[in-house]
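This is what each chain is made of:
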Amino acid sequence: VVLLIIFRRPLYLFIPIACVGMALIWTFGLMALIRIPLSMLTMIVPVFLIAVGTAYCLHIVSEYIDCAGEADSPPAASRDTFSYIHFPTILAVVTTVIGLASLLLNRIPTIREFAVFACFGMFSILIVSLTFLPAALSRIRLPDPRKGTGKAARKLTQPIIERIVHWNLDRQKVVLPILAVIFVFCLFGVFRIRVETNPVGYFKADTPVKQHFDDIYRGLPGSFPSKAVMAAGQADYFENPGNLEEIVRLQQFLETLPGVDKTISFADYMKLVNYALNRFDLQYYSLPEEGFEVRMAMNNYTTMLVQDMFDRFMSADLSKANIVLLTHISSSRDFLDLRRRIQEHVTQEFSKDLNWEVTGFGISISASSHHLTRGQVKSLALTMLLVFGIMFGLFLSPKVGLIAIVPNIFPIVINFGIMGWLGIELSMVTSLIGSIAIGLAVDDTIHYLVRYNKEFQKDLDDRRSLRDTLMHVGRPIIFTTVTISLGFAVLIFSGFQPTAVFGIMMVITMLAALVGDLILLPSLMQHVELVTLWDLVRLKLG
């Protein structure tokens, strides 16, 4: 719909869709070949590739329409288009891949899988855009100027771009302080963000999964089990009746903790065996009191309850006991709080010779939260460093490198700031937003800088260069943002909460990136003379 509104020609709709379709087939074909299953993160890959691939094609087709007005044949128009657009397109893909590849630093396998296939999809889009797309454009007739291809889009965006130019040239002293206040406000919100991994909380209250979880823990003990492992440094430690009593003492404490419904241990089954050995007399439903009674009960344990039941709760050398905690906890913060309380208690109340470990599925999920936070910081820092390096290498100026980073940091701070102030948790899904947004925001930054460089070389007039640059790239930047935002907005309708939140926050982040690229970047670039390394080489070679 967006492409039809912009170009008013079906072929300009079908060619980009064909490009994106090929990239999707290659990407999912690779997943099938190497037998990587779909997950809640890799399911976002097609939405990402459709949005980004369509945006790239939109930039290219917009440039083609401009070149077609001065070309005498379709092949000439295609050749002129790609002689200019190939460099910013390649650079945009490289920076997007850098943002995605930074997720490989994360220790969570699902996030790394998303990064691998998103990167492969981006390279697929690049190959198709530089081979199939120019070939397809060279085989269709030139647009008829009388039919006004793209005129509707120009008419729609012209007043907006004129207003943006006015803000950049004449209202910097008002606009920049307002953006600075918004930035600082959101920066404080970043420090309020919380990390949370709650599988049950991901579902809406009326979904069967959530209702069944609540029903189970109301009527039965525990939906998420955890384990407290009690390990001694010597064999046959738990053959001593006094040491078995320590298991019971710990269980009594564990069952007082919030969220713990019941505990099960080797000691419970030893009581049951002792009860059976003594003709089911209730007074013997307790632990054996003498060493020989413990050994006799252990000998009968496997006969009555099978070996597997013994191995679940006690090691073969009787040095390590496992206590199962049946809980209705699903929040990672609650799991981490449970582990902290247990460790504090056993450190104070039990022998220093014992070693302790609190583990289980819920604890493992909770531990991933720490990896999530550390991985997020590492990936964003590495991405910013590499983006700075690329811009510095291209323009031979650390000042330009820093300026180019500002409009890309801006949407990230806005995103995480809003999440912090609104209490939206950082999860495996929402942690992807930062790296994806940097990659997408840098694309428009590159298109702006390359065009600004071309305009600035004409007469070294920064005000005219800013105006003409925004008139040329402002429209495709606006429409790529709209296209990408609509692509991610589809996820808002998901019944899976993290995916829906991801869609909402990506829309907000892309709109913030639009502000960064059309207001922050042009305003800051007025204070820098932009000359690239390649300009100096051409000048030297005459």
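These numbers come from a predicted model, not from an experiment.

Rules of the game
Residues numbered from 1 in each chain as written. Predicted model: local features only at pLDDT ≥ 70, side-chain atom pairs only at ≥ 80, totals over all residues. Heavy atoms only, no water. Core = buried A, V, L, I, M, F, W, Y, C linked by side-chain atoms within 4.5 Å. Buried < 20%, exposed > 50% of the residue type's maximum accessible area, 1.4 Å probe, protein only. Helix = DSSP H or I, 4+ residues; strand = E, 2+ residues; numbered from the N terminus. Contact = heavy atoms within 4.5 Å. Salt bridge = Lys/Arg side-chain N within 4 Å of Asp/Glu carboxyl O. Phe/Tyr/Trp six-rings, centres within 6.5 Å; stacked < 30°, edge-to-face > 60°. Lys NZ or Arg CZ within 6 Å of the ring centre and 35° of its normal.

**Quick notes on the nonpolar core**
Line of reasoning, step 1. The biggest cluster of nonpolar side chains holds 113 residues, and the ones touching the most others in it are F48, F114, I436, F488 and F502.
Line of reasoning, step 2. In terms of residue count, the dominant contributor to this core is helix α3 (residues 44–68) (16 residues).
Line of reasoning, step 3. Once residues lying within four places of it in the same chain are set aside, the contact partners of F488 are V47, F48, A51, I436, L440, F502, G503 and M506.
Line of reasoning, step 4. L254, F266, V273 and L318 belong to the second-largest nonpolar core, a separate cluster that totals 45 residues.

**Comments concerning the pattern of salt bridges**
Line of reasoning, step 1. For the structure on display, the rule yields ten salt bridges.
Line of reasoning, step 2. Between E239 and R295 there is a salt bridge, and its shortest N-O distance comes to 3.7 Å. In this pair, E239 sits in the loop between β1 (224–231) and α9 (241–254) while R295 sits in helix α11 (residues 291–313), placing the two residues 56 residues apart along the sequence.
Line of reasoning, step 3. What makes R295 partly exposed here is its relative accessible area of 39%.
Line of reasoning, step 4. R312 is paired through a salt bridge with D308; the nearest N and O atoms lie 3.1 Å apart. Remark: D308 and R312 occur in helix α11; sequence separation between them is four residues, near one turn of the helix.
Line of reasoning, step 5. Linked by salt bridges that have partners in common, D337, R340, R341 and E344 make up one network.

**Looking at the packing of aromatic side chains**
Line of reasoning, step 1. Applying the stated criterion to the full structure yields 14 aromatic pairs.
Line of reasoning, step 2. A ring pair is formed by Y237 and F238, whose centres lie 5.0 Å apart and whose planes are at 85 degrees; its orientation type is edge-to-face. Across the pair, F238 and Y237 agree in class, each one buried.
Line of reasoning, step 3. Centre to centre, the rings of F350 and W356 are 5.3 Å apart; their planes meet at 65 degrees, and the pair counts as edge-to-face.
Line of reasoning, step 4. Joined through ring pairs, the aromatic side chains of F266, Y269, Y301, F310 and F313 make up one cluster.
Line of reasoning, step 5. Geometry around F350 places R249 over its ring, the cationic atom sitting 4.1 Å from the centre.
Line of reasoning, step 6. A cation sits over an aromatic face here: R451 above Y84, 5.6 Å from the ring centre.

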